[in-house]
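Chain by chain, the residues run as shown.
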Amino acid sequence: MKRVFSGIQPTGEPHLGNYLGAFRQWVEGQDQKENFFCIVDLHSLTAPYDPEGLRERTRKLAAVLFAVGISPEKSTLFIQSHVSAHAEACWLLNCITPIGWLQKMTQFKEKFTKQESVGMGLLDYPVLMACDILLYDADEVPVGDDQKQHVELARNIAGRFNHLYGDFFVPPEPVIPKIAARVMGLDDPATKMSKSAASIRGHAIGVLDDPKEIERSFKRAKTDLFNEIRFSDDQERAGVNNLLSIYQAITGKGREEVEADFANARGYGDLKMGVAEIVIEALRPIREESDKYLNDPVALDTMLAKGAEQAREVAMPKLREMQEKMGLLVGM
Ligand code: ATP
Ligand code: LTN
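Please read all numbers here as calculations on a predicted model, not as lab measurements.

Visitor: Sorry, what's going on with the overall build of the chain here?
Guide: Counting its regular elements, the chain contains 13 helices and five strands. The C-alpha radius of gyration of the chain comes to 21 Å, within 12% of the 20 Å expected for a compact globule of 332 residues. For the chain, the spread of C-alpha atoms along the principal axes amounts to about 75 × 45 × 40 Å. Taken over 332 residues, the chain has a buried fraction of 51%. Residue pairs in contact within the chain that sit at least 24 positions apart in sequence constitute 76% of those at least 6 positions apart. Working note: accessible area of the chain is about 16,000 Å², and carbon and sulfur atoms make up 50% of it. Of note, the chain has its 40 positive side-chain charges centred 2 Å away from the centre of its 49 negative side-chain charges.

Visitor: In this structure, what is going on with the pairing of strand S1 (residues 3-8)? I would like to understand it.
Guide: As a general feature of sheets, a regular strand has side chains that alternate between the two faces. Of all six residues making up S1, five are buried, and the element is well covered by its neighbours. Note on the crossover from S1 through helix H1 (residues 16-28) to strand S2 (residues 34-39): the handedness is right-handed.

Visitor: Would you explain the side chain of Asp124 in this entry?
Guide: Take Asp124: it is sitting in helix H7 (residues 120-134). In contact with Asp124, other than residues within four places in its own chain, are Cys90 and Asn94.

Visitor: Looking at this structure, I do not really get the site of ligand 1. What am I missing?
Guide: Within the structure, ligand 1 sits among 21 residues, and His15, Val183, Lys192, Lys195 and Ser196 are positioned closest to it. Taking His15, its side chain carries an N or O atom lying 2.7 Å from an oxygen atom of ligand 1. Within the side chain of Ser194, an N or O atom sits 2.8 Å from an oxygen atom of ligand 1. Relative to its unbound accessible surface of 590 Å², ligand 1 loses 96% to contact with the protein. Among the elements that take part in the shell around ligand 1, H1 stands out by supplying four residues, more than any other. Across the shell around ligand 1, the residue classes tally to six nonpolar, 10 polar and five charged.

Visitor: Hey, could you run me through the packing of aromatic side chains in this one?
Guide: Think of a pair of aromatic rings as described by two things: how far the centres are apart, and how the planes are tilted against each other in angle. Using the criterion set out here, one finds 13 aromatic pairs in the structure. Ring geometry for Phe66 against Tyr293: centres 5.7 Å apart, planes inclined by 35°, an arrangement best described as tilted. Here Tyr293 lies in helix H12 (residues 268-294) and Phe66 lies in helix H3 (residues 51-68), a separation of 227 residues in the sequence. With respect to class, Phe66 is no different from Tyr293; both count as buried. Geometrically, the ring pair formed by Phe161 and Tyr165 is tilted, given 4.9 Å between the ring centres and 45° between the ring planes. Of this pair, Phe161 and Tyr165 both sit in helix H8 (residues 148-165), four residues apart, which is roughly one turn of that helix.

Visitor: What is the right way to read the site of ligand 2 from this model?
Guide: Inspection of the region around ligand 2 gives 13 residues, with Gly7, Tyr125, Met129, Asp132 and Gln147 positioned closest. Between ligand 2 and Gln147 there is a distance of 2.9 Å, counted from a nitrogen atom to a side-chain nitrogen or oxygen. Across the complex, the protein chains shield 90% of the 360 Å² of accessible surface that ligand 2 would expose by itself. Contributing elements (two or more residues each) for the shell around ligand 2: S1 and H7. Top contributing element to the shell around ligand 2 by residue count: H7, with four residues. Of the residues that constitute the shell around ligand 2, the class distribution is seven nonpolar, five polar and one charged.

Visitor: Looking at this structure, how should I read the packing of H1 against helix H10 (residues 238-251)?
Guide: In a pair of packed helices, the angle between the axes and the distance between the axes together describe the arrangement. Direction vectors running N to C along H1 and H10 enclose 40°, while the axes themselves pass 11 Å from each other. When the interaxial angle is binned, H1 and H10 end up oblique. Here H1 and H10 pass one another in a crossing that is left-handed. In contact with Leu16, Leu20 and Arg24 of H1, H10 contributes Ile246, Ala249 and Ile250.

Visitor: Would you mind going over the state of the cysteines with me for this structure?
Guide: Put plainly, a disulfide is one covalent bond tying together the sulfur atoms of two cysteines. Inspection of every chain in the model, using the stated rule, returns zero disulfides. This cysteine, Cys95, is not joined by any disulfide, and Cys90 carries the nearest cysteine sulfur, 9.5 Å off. The structure places no disulfide on Cys131, whose sulfur is separated from the nearest cysteine sulfur, that of Cys90, by 4.7 Å. Of the residues examined, Cys131 reaches a relative accessible area of 1% and is grouped as buried.

Visitor: Help me understand the pattern of salt bridges, please; the structure alone is not making it clear to me.
Guide: A side chain of one charge can pair with a side chain of the opposite charge when the charged atoms of the two come close. Scanning the model with the defined rule gives 19 salt bridges in all. Between Asp137 and Lys318 there is a salt bridge, and its shortest N-O distance comes to 2.7 Å. Within this pair, whereas Asp137 is found in the loop between H7 and strand S4 (140-142), its partner Lys318 is found in helix H13 (residues 297-325), the two being separated by 181 residues in sequence. Close ionic contact of Lys192 with Asp146 constitutes a salt bridge, the shortest N to O distance being 3.3 Å.

Visitor: Help me understand H12, please; the structure alone is not making it clear to me.
Guide: Think of an α-helix as 3.6 residues a turn; residues three or four steps apart then line up on the same face. In this model, H12 (27 residues) spans 37 Å end to end at C-alpha, consistent with the 39 Å of a helix rising 1.5 Å per residue. Where H12 bends most, at Leu283, the angle is about 35°, and the proline Pro285 comes one to four residues later.

Visitor: Can you help me understand H8 in this one?
Guide: Its 18 residues give H8 an end-to-end C-alpha distance of 26 Å, which sits within 8% of 26 Å, the value for a rise of 1.5 Å per residue. Those residues of H8 lying buried are His150, Val151, Leu153, Ala154, Ile157, Ala158, Phe161 and Asn162. Remark: Gly166 follows H8 within two positions and exhibits a positive phi of approximately 100°.

Reading the values: the criteria
- Residues numbered from 1 in each chain as written.
- Chains lettered and ligands numbered in written order.
- Predicted model: local features only at pLDDT ≥ 70, side-chain atom pairs only at ≥ 80, totals over all residues.
- Heavy atoms only, no water.
- Helix = DSSP H or I, 4+ residues; strand = E, 2+ residues; numbered from the N terminus.
- Rg over C-alpha atoms; globule rule 2.2 N^0.38 Å.
- Buried < 20%, exposed > 50% of the residue type's maximum accessible area, 1.4 Å probe, protein only.
- Contact = heavy atoms within 4.5 Å.
- Areas by Shrake-Rupley, 256 points an atom, 1.4 Å probe, with all protein chains shown as cover.
- Lys, Arg positive; Asp, Glu negative; His and termini not counted.
- Charge placed at Lys NZ, Arg CZ, Asp CG, Glu CD.
- Right-handed = clockwise from strand over helix to strand, strands pointing away.
- Near = heavy atom within 4 Å.
- Polar contact = N/O pair within 3.5 Å; in protein donor to acceptor, adjacent residues only side chain to side chain.
- Nonpolar A, V, L, I, M, F, W, Y, C, P; charged D, E, K, R; others polar.
- Phe/Tyr/Trp six-rings, centres within 6.5 Å; stacked < 30°, edge-to-face > 60°.
- Axes fitted to C-alpha atoms, helices over the stretch in contact; angles between N-to-C directions.
- Parallel < 35°, antiparallel > 145°, perpendicular 65-115°, else oblique.
- Left-handed = near helix turned anticlockwise from the far one by under 90°.
- Disulfide = S-S within 2.5 Å.
- Salt bridge = Lys/Arg side-chain N within 4 Å of Asp/Glu carboxyl O.
- Expected span 1.5 Å × (residues − 1).
- Bend = angle between axes of the 7 residues up to and from the residue.

Rendered as structure tokens:
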């Protein structure tokens, strides 16, 4: 059976991009594959944050993930910092990863210029991500297309380790969803919808937003002056294209069918309301189910502890073997 690993940072409110670009694929693949899903709290320390908020966001994200349908019977959902092997393996892989590989990463280059002070963790981010994946011998890594480069790097790091110490790591493959691989911000369709920017009014649709908020955000969504409802690669029409892609991803319809649904629309107002309606209905059950977990933190923590235990059973022996291969005195 193929093994899948994916992760998400507890950096902000989970949003529609996370849902369409990640969670939905995670849930759909549960029956065919062996899955490990990780809330990567250590990764989230690479950007400015407040400690109390982080704890709260971590629990909220776990509740959302269980609510979208990650089942503890079928998948292992856990918190990265609960499995110390990730941080330990990171040091080991740091020692074989050329700095040049990390300096070339698009995400590093982008965040490097935006953050006032940059910690080592930001450069090292993809190495920790490689550890997440490689410790579990994951064959597939479902991610949005922004993370493809990091999975390829994990593959290269695995190759380098195998070359230096003998065949050991499974080279992982990124798996990118075809539709809505990249949901763009409603306020600015040139940038991807992101958790870190989710506090900006009208930027993101939170998975837990109430119907009124969702409607309001779509009403404010940026469009254009063409007044034409069709898919397009034209940058000037990116706003409308984004709305149509969201609609398409949720309904599962083809492009022509989606355009036909809006053939009688009187303008962009109708398009926005049509998309809002479908998003509200898709998110409603998730919000209701999340509340159950959030109102019972003890049960939620118990589920997460069980996830961590299952993850450790895989990651710890792999770490030990890794240490052995690298010449450390193991087991004393
Ligand atoms: P941050 O703003 O902190 O970078 P994010 O919102 O980009 O957060 P991540 O934690 O980086 O979210 O990503 C979690 C998963 O969701 C990844 O698989 C990522 O590729 C996917 N994802 C994130 N944003 C989008 C988006 N706008 N469209 C599609 N998929 C996305
Ligand atoms: N960098 C990823 C989150 C992440 C991840 C992983 C995804 C951390 N470790 C392992 C897949 C596999 C992101 O920002 N989306």
